[in-house]
Protein chains: 2
Amino acid sequence: MTEEAEYKKAVLVICDGLADRGTSTPLSEAETPNMDRLAGDGICGLMHSISPGIVPGSDTAHLAILGGDPYEDYPGRGPFEALGAGIELKEGDVAFRANFATIDNNWEILDRRAGRFGSDELAEALNIKIDGVRFIVKHTTEHRCALVMRGKGLSGAISDVDPHDMGKVLKSGPLEDTDESRRTAKLLNEFVRRSHDILSEFQTPANVLLTRGAGEFRQVMSIKDAFGFDGFCVAGSALYKGVAKYLGMDVIEVEGATGRADTDLGAKADALLSHIEDYDLGFVHIKATDSKGHDGDWKGKKEFIERIDREFIARIIDIDAYIILTADHSTPVSIRRHSSDPVPVLMHGEGVRTDQVKAFNELTCAQGGLGAIHGVDLMPIIADYMGYYRMYGV
Amino acid sequence: MTEEAEYKKAVLVICDGLADRGTSTPLSEAETPNMDRLAGDGICGLMHSISPGIVPGSDTAHLAILGGDPYEDYPGRGPFEALGAGIELKEGDVAFRANFATIDNNWEILDRRAGRFGSDELAEALNIKIDGVRFIVKHTTEHRCALVMRGKGLSGAISDVDPHDMGKVLKSGPLEDTDESRRTAKLLNEFVRRSHDILSEFQTPANVLLTRGAGEFRQVMSIKDAFGFDGFCVAGSALYKGVAKYLGMDVIEVEGATGRADTDLGAKADALLSHIEDYDLGFVHIKATDSKGHDGDWKGKKEFIERIDREFIARIIDIDAYIILTADHSTPVSIRRHSSDPVPVLMHGEGVRTDQVKAFNELTCAQGGLGAIHGVDLMPIIADYMGYYRMYGV
């Protein structure tokens, strides 16, 4: 990197689960004049977030796309959720996704989501200490919480308490043959037992806390260390804020960014436009494309894509920065789950090799000048455009 | 490899830094009827010399393209330069790029290039022994030399003496916490001190020798071992000859091959045509496309590409061998440095799957039948065409 280099900014927009299957897709059928204009002036391609045939989770896909190693740097879902909920994690913390549930006297689940009830007060009551280990519970939305265990000698290698279905609450068990793993599982089981005692006092449907996705937090890399620039994140859902934080980005809270189809896309665009002045990279996450895929709602997915084009892309299209538009994975409406089909990606800005692609979708981008890349390739390519290149060799 | 196989020859032409950025490039705008004819009859694609987003050095890129592993087999720049200068290296030698410079009495640099002065006589005077370690200095061009330290227990993990700028001559220091690293740095510092005493006697601007790019030589693979065929190299610059030698190729010295824009492209073509009889693979390196990129000279780059087409490609186009034409990396004139943008590659010869690409450039080749490959893929593909394939499995 030379001292005199002129650095440029970049905006990375990830529409969750945007891509689909078939000969016509919600994206290919949607009216997206702004995305298509960017495609026409830019370079397009396909991206395998993890690698061909591997179905990405949203967490691993974002980790890779934002510059982490999806295998080496992945701490499990819990730490991302805890970071996204605003808990500052320390090296060695074990973090979980958690949710309030309703159980009967035999620990049989009556409602895994406690009627979608939860509150800060309930979460607060669960901040206890057992055998020197602190339990930190933070309420996020509805029945959802993040849980962190903080203390010496803990391990993230323990199984879920949440049975992910009806049935009896599970006992957490060690997933590794170590004292740390056994002790952590034992402490967590004791905590869950006590959560029932404590929550029952409140006389709400939420009478137990269930956990899943245990993961041990460790400080990995930051995008600043890895690429030389800083960044911020605009997202509605905790997970994506968490991945961004994990990689050293700042999280900008935006009123009206809900992570649902009712999200305020204009407010997210405005947040991007006002904060990009102070940062090198702006990362915006838009969730509802994925939700519509999971719902099997073809028309809803298409219409939400049109809203993204109209309410978000149109607003940022003339920004003085590289614009990169892509998805974390496909969520085809026909199968209502993530799939490994690669996602379209476009890069727009000074110097890109304009190709023949005139419309942004899964089918056209296969003809693009970028060819097929992997998720981990994206940030190095963006960094090189921005001027923060690292040369290997002389 | 079967006994009865009929082997074919191949010619690999690497135009340094040939590729560029943007919607029209020096290559896409240049009149290149011969390259385009090869593209029309051949198969084209894009190549990431190292991997997407990684900006290649010329050394690592050539190592990969010529069949080495750019991470495992890379010894640093010094050994390539020393080999290219014609020094025969032995296992354990530590080699450097070196240059004569002018310093004052306080070891402040007055001219990093000693007014571009150097001579064989000066270099000869620096062939001394310190503490059982032999210092071998060979003058190459102008102020440039190669330096080799030969002896037991040396390490390539030491820092540069050359400050790469004005200021004081640096002390080399160990880059690893080992006795070998510390001792090598100490010996080098003593050598640099003595170089000043010795060179000062000659009363020329060259009164010290500065070093950079230390690397330890070890015999890695040869293309003969790896692929089964032999090869030769035609190049003007030491580095490329050095990489070729490192991989076991012979270097053919060609009068008029300067590594600059004044190079005799016709002489290089003739050298290729006359020596390909005796070898399986001919590798030709052409440098000035890269230099024009570093100079930001769009027109000069375009015109030199036209010269390559007219004076080199036209002359070899009917050779009875596969022709592979590519670059080691992009050197866009807009940024005057290497970039990670992939390079175009074409392969011409019997049996290749002719694709729709009719012109050879960065934009058209993205549509080629070869798709996008990595630098390390190129030699195995060439080897298979030549008949020197290695089957994995039965």
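Bear in mind the structure is a predicted one, so any value in this text is a computation, not a measurement.

So, how was this worked out
- Residues numbered from 1 in each chain as written.
- Chains lettered and ligands numbered in written order.
- Predicted model: local features only at pLDDT ≥ 70, side-chain atom pairs only at ≥ 80, totals over all residues.
- Heavy atoms only, no water.
- Pairing = 2+ DSSP bridges.
- Helix = DSSP H or I, 4+ residues; strand = E, 2+ residues; numbered from the N terminus.
- Contact = heavy atoms within 4.5 Å.
- Axes fitted to C-alpha atoms, helices over the stretch in contact; angles between N-to-C directions.
- Buried < 20%, exposed > 50% of the residue type's maximum accessible area, 1.4 Å probe, protein only.
- Buried area = accessible area lost by both parts, 1.4 Å probe.
- Salt bridge = Lys/Arg side-chain N within 4 Å of Asp/Glu carboxyl O.
- Polar contact = N/O pair within 3.5 Å; in protein donor to acceptor, adjacent residues only side chain to side chain.
- Nonpolar A, V, L, I, M, F, W, Y, C, P; charged D, E, K, R; others polar.
- Least-squares fit on C-alpha atoms with pLDDT ≥ 70 in both.

J.: Is there a simple way to explain the sheet that holds strand β10 (residues 231-234) of chain B in this structure?
T.: Strands pair in a sheet through their backbones, by hydrogen bonds, and they do so in one of two ways: parallel or antiparallel. All names here are of chain B. One open sheet holds the 8 strands; their spatial order is β11-β10-β12-β1-β13-β14-β2-β15, and the pairing between them is mixed. Since the sheet does not close on itself, it has two edges, and those belong to β11 (250-251) and β15 (371-374), each with one partner. For β10 and β11, the ladder comprises 2 bridges, and the chain directions are parallel. Counted as the bridge partner of F232 is D250 from β11. Across the sheet, helix α2 (residues 33-41) is in contact with β2 (43-48), β13 (322-326) and β14 (343-348); its angle to β14 comes to roughly 70°.

J.: When you look at the pairing of strand β2 (residues 43-48) of chain A in this model, what are you seeing that I'm missing?
T.: Note on strand geometry: in a regular strand, side chains alternate between the two faces of the sheet. Residue and element names in this part refer to chain A. Judged by how many residues are buried, β2 sits mostly within the fold: 6 of 6 residues are covered. Where burial is concerned, the two faces of β2 agree: the one with I43, G45 and M47 and the one with C44, L46 and H48 are both buried. Bridge analysis of β2 against strand β13 (residues 343-348) gives 5 bridges, and the strand direction is antiparallel. Each residue of the ladder has a partner; that of I43, found in β13, is M347. With 4 bridges joining them, β2 and strand β14 (residues 371-374) adopt parallel strand pairing.

J.: Honestly, the interface of chain B and chain A in this entry has me stumped. Any pointers?
T.: Size of an interface: often given as the accessible area lost when the parts come together. The interface of chain B with chain A comprises 32 residues on the first partner and 19 residues on the second. Carbon and sulfur atoms make up 51% of the area that chain B and chain A hide from each other, which totals about 2100 Å². On the chain B side of the interface with chain A, the three residues burying the most area are B:R21, B:V55 and B:R337, jointly 24% of the side's total. Our count for the chain B to chain A interface comes out at 2 salt bridges. Close ionic contact of A:D384 with B:R21 constitutes a salt bridge, the shortest N to O distance being 3.7 Å. Where chain B packs against chain A, one counts 14 residue pairs in polar contact (both at pLDDT 80 or more). Counting residues per element, the side of chain B that touches chain A draws most heavily on helix α3 (residues 58-65) of chain B, at 3 residues. For the side of chain B that touches chain A, a count of residues per class yields 13 nonpolar, 11 polar and 8 charged. Pairing analysis gives 2 bridges linking strand β15 (residues 391-392) of chain A to strand β3 (residues 55-56) of chain B, with the strands arranged parallel. Note on β3(B): the bridge partner recorded for A:M391 is B:V55.

J.: Could you clarify how one ought to interpret the relation of the copies chain B and chain A in this entry?
T.: Each of the two chain copies goes to the other by way of a rotation about an axis and a shift along it. When chain B is fitted onto chain A, the two copies agree to an RMSD of 0.2 Å after a turn of 124° and an axial shift of 0.2 Å. What the superposition gives is, in effect, a three-fold axis relating one chain to the other. Take the interface residues of chain B: only 3% of them recur as interface residues in chain A, which is what a contact between different surfaces looks like.

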